[in-house]
Structure formats: C-alpha cells, structure tokens
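Listed below are the residues making up each chain.
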Amino acid sequence: GEDRPCLTAHLWIDGNGHLKRHRFERAMMRSRARLTYNQVQEAHDRGYSDPDGAVPNKAIEALYAAYAVRLKERRDREPLDLDLPEHRVDIDENGAVIGVGMRQRLDSHRLIEEFMILANIAAAETLEGKNWAALYRIHDEPDPKSLDEFRDSLKTMGLQLPKGQALKPRSFNQLLRLADTETDVLAVQEAVLRSQSMATYDPVNIGHFGLALRHYAHFTSPIRRYADLIVHRALISAAVDGAQGKEGGLDDGPQDFKSIGDHLSMTERRADAAERETVRRYTASYLATRQGEVFDGTVAAITRNGMFVRLAELGTDGFIPMRYLPTGWRPSAGRPSRPSRSSRSSSRSRRPDGDAPQVGAKLRVKLTEVNPITGSIILKLD
C-alpha cells in the first residue's frame, strides 16, 4: 500500500515461452497485497482471495498461465534438473529449536523462480547489447577431474556417463531419469551437484552451463545481493529505456569488476558454508534431548572411517563410525559404493559376506552422541 521506487523489467514471451523482447524502466510500484507462497498456491489450487479483495483470483491464474507457457521453453532448453530439498528449522520466541524438517517446494516457488530467471536473462542481454561493463552470473562446464570422479560414482550405481560426447545439462538429466527410486534420484542429484563447477560473478560472460543459457546476470534481489545492485546501476548508467538522468548509476571512472566479482563469489561461498554449519548445529541442538532414540534412515555415503546415514524424519545426516560397525565390515573404497541395478534391494542389509550396507540401503539407527557446539551427530546400528 505504499509507493516504492524500483527498476522494472517488462517481458514479452511467445506461445512457446521464448523471450521475444524486453524493456527496463525506472518506476514507482505499489504492492497491493502481501501474499505468501502458500496463499498463492492455495489460490491456484482451490480459489483464494485475500480478505480485502486487493488481488483478484484471475490475476493469480494469469501468472500460472504464463508460467505454464514458460515451462515449454524450459523443457526445450532442459537446464540441470536439480530440485534438492532445503532444510527448515523452526525456532520459538526464546530461540529454542522446536522442529527440524524439509521445506515444502510448491509450484508457486518455481513460478517466481522462472520469472526471476527471465528477468535476469533480459538484464544480461541488455547490458551485453549496449557493450556496458557489469557483472554476469557465470557457470563453467564441469572440470574433467570432477567428471572422472563422477563417472566412478556412477559405476557403483549401475549408471554411466559416456565419454567423447558434447556435454550438456541434458546429459545429467538423462541419468536422473534412469534412477528408479526416490533414494536413487537423491543420490544421483547430489553426485551431479558435486561434479559441477562453482557459479561465480565475472565481467566476462561465458554463459551459464547449469541453466543452459548464453546470457545471465543477477538482477532481481538488489536489496540483499550486491551483485544485483551493480547490475541495476549498470542498467541505469547504460540509459535503459525510460531512465531519466544518471542518479543511481555507477560512479564515474573505471570499475574493477573482476576483483569485485571475485570478492562477491568468495563471500557467497562463505555465506553458504555458514548456513550449512548453522543448520547442522541447530539440528544437533534439537536432537540433544533425544539420545537413545531409534530412527529410520538411509545410507547416504560410505567412507573409510564409517558411513553417513540420512535420518528420514529430519532429512539430515548422522555418522556411524567404524567402531560401531560389526567386526569385519569394511567399505571396499574411499568413495560411496552402491550395488548394481540388478542386485539392488530395499531390505535392511546386514550382509553375510562382511561388507557394509550399500548406499541407499534402509537402516534403523540409534542416536548415541550429540554435540550442539560442533553439530556432531553420532549413530550406531539398532
């Protein structure tokens, strides 16, 4: 209900979802309602109007119709299809953890993501078309060494990534489609993710491998990502359509975008690591009073020192040290191992030949040690 200054992207797509033209302008916007993802999804699924009637249901349906059209282009382009679950930590007013689980993924989330990607494409095309320096979001092809390790992991899953062919995101998606259970899909997704190069910020545009895009820049979050603010200022400096004057543009003089991009890429990795560590410690704090309880789990990875087990209830991993595995159980390699596709079984496995259970095997485990300070979660077989 308040006027806010913004930089607006007008986007036109055709019936197959392809971006036909775009225009940026400075504008004032007034948000008519504060809607959550759940409310928007409910509007689409069951019909919903906010109490004040500020957002008619037909407006939300128009969004979903445009999203459905845009999905046609996405299916043709076929970017990496990684839809890994995100953790959710619920904290009460006193800061105590009262719940840990996986965040629900709705079409309303994917809808917004798809429109943001479209705006990011338009921003990159505009800047490159005007030969204006800025920061692009780039993602290089996987490193050959990482691909070799990825191929070794695939062999233990009964899958393979052929050599000698032009590598594209759809090559990885084909492997995901071959995975025949939810556990297998998650294992392949995580292996694919580990094989990928890091996405970074750089003034030299080499495209985005994971999204299968030639032009891409972060534009949609200038209040929380400095790279997006730089893109906004670059668009203003490049005199985007409708922009009046240079206020809000980049400062005069040369910009060392390379060092800025390197710094932002570093701080992004640091923030991601901090987030993972925070979730790990919150989860350990949540489990601190549950030592001795038994959980259903799935073997997520096997190392020379033991095995990681993903707890079904929480979606987080605990570790079974080798000292808690029966005598004679030894993983045969330092990397995760899995049975061949013909010999897979979802049964609980205490295999008579002395081998440890394979990745993907279902287990029941007992929580034995928890350290909220380090985030350590130690398990043993039940």
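Q: Before we move on, can you summarise the pattern of salt bridges with the specific residues and values?
A: Counted according to the given criterion, the structure contains 26 salt bridges. Where Arg30 meets Asp3, a salt bridge forms, and the shortest distance between an N and an O atom there is 3.0 Å. Highlighted residues: Arg30 in strand E2 (residues 19-30) and Asp3 in strand E1 (residues 3-13), separated in sequence by 27 residues. A residue is classified by how much of its surface remains accessible, and Arg30, at 54% relative accessible area, is exposed. Classification of Asp3 by relative accessible area gives partly exposed; the value is 44%. Linking Arg280 and Glu277 is a salt bridge whose minimum nitrogen-to-oxygen distance equals 2.7 Å. Residue Arg280 and its partner Glu277 are located together in helix H8 (residues 257-287), separated by three residues, close to a single helical turn. The exposure class assigned to Glu277 is partly exposed, which follows from its relative accessible area of 24%. Several salt bridges share partner residues, and in doing so they unite Arg70, Glu73, Arg74, Arg77 and Glu114 into one network.

Q: Break down the nonpolar core for me, with residues and values.
A: Ranked by internal contacts, the top residues of the largest apolar core, which has 25 residues, are Leu287, Met307, Ile320, Val365 and Leu379. Tallying contributions element by element places strand E10 (residues 362-371) first for this core, with four residues.

Q: Describe the packing of aromatic side chains, listing the residues and the values that go with them.
A: The relative placement of two aromatic rings is captured by the distance of their centres and the angle of their planes. Applying the stated criterion across every chain yields a total of four aromatic pairs. With 5.5 Å between their ring centres and 50° between their planes, Phe150 and Phe172 make a pair best called tilted. Taken together, the residues Phe150 in helix H4 (residues 144-155) and Phe172 in helix H5 (residues 169-178) connect sequence positions 22 residues apart. In terms of burial, Phe150 and Phe172 fall into one category: buried. Ring geometry for Phe308 versus Phe319: centroids 4.8 Å apart, planes at 50°, classification tilted. Linking Phe308 in strand E8 (residues 306-311) with Phe319 in strand E9 (residues 317-321), this pair joins segments that are eleven residues apart in sequence. Assessed through its relative accessible area of 32%, Phe308 is described here as partly exposed.

What counts and what doesn't
Residues numbered from 1 in each chain as written. Predicted model: local features only at pLDDT ≥ 70, side-chain atom pairs only at ≥ 80, totals over all residues. Heavy atoms only, no water. Salt bridge = Lys/Arg side-chain N within 4 Å of Asp/Glu carboxyl O. Helix = DSSP H or I, 4+ residues; strand = E, 2+ residues; numbered from the N terminus. Buried < 20%, exposed > 50% of the residue type's maximum accessible area, 1.4 Å probe, protein only. Core = buried A, V, L, I, M, F, W, Y, C linked by side-chain atoms within 4.5 Å. Phe/Tyr/Trp six-rings, centres within 6.5 Å; stacked < 30°, edge-to-face > 60°.

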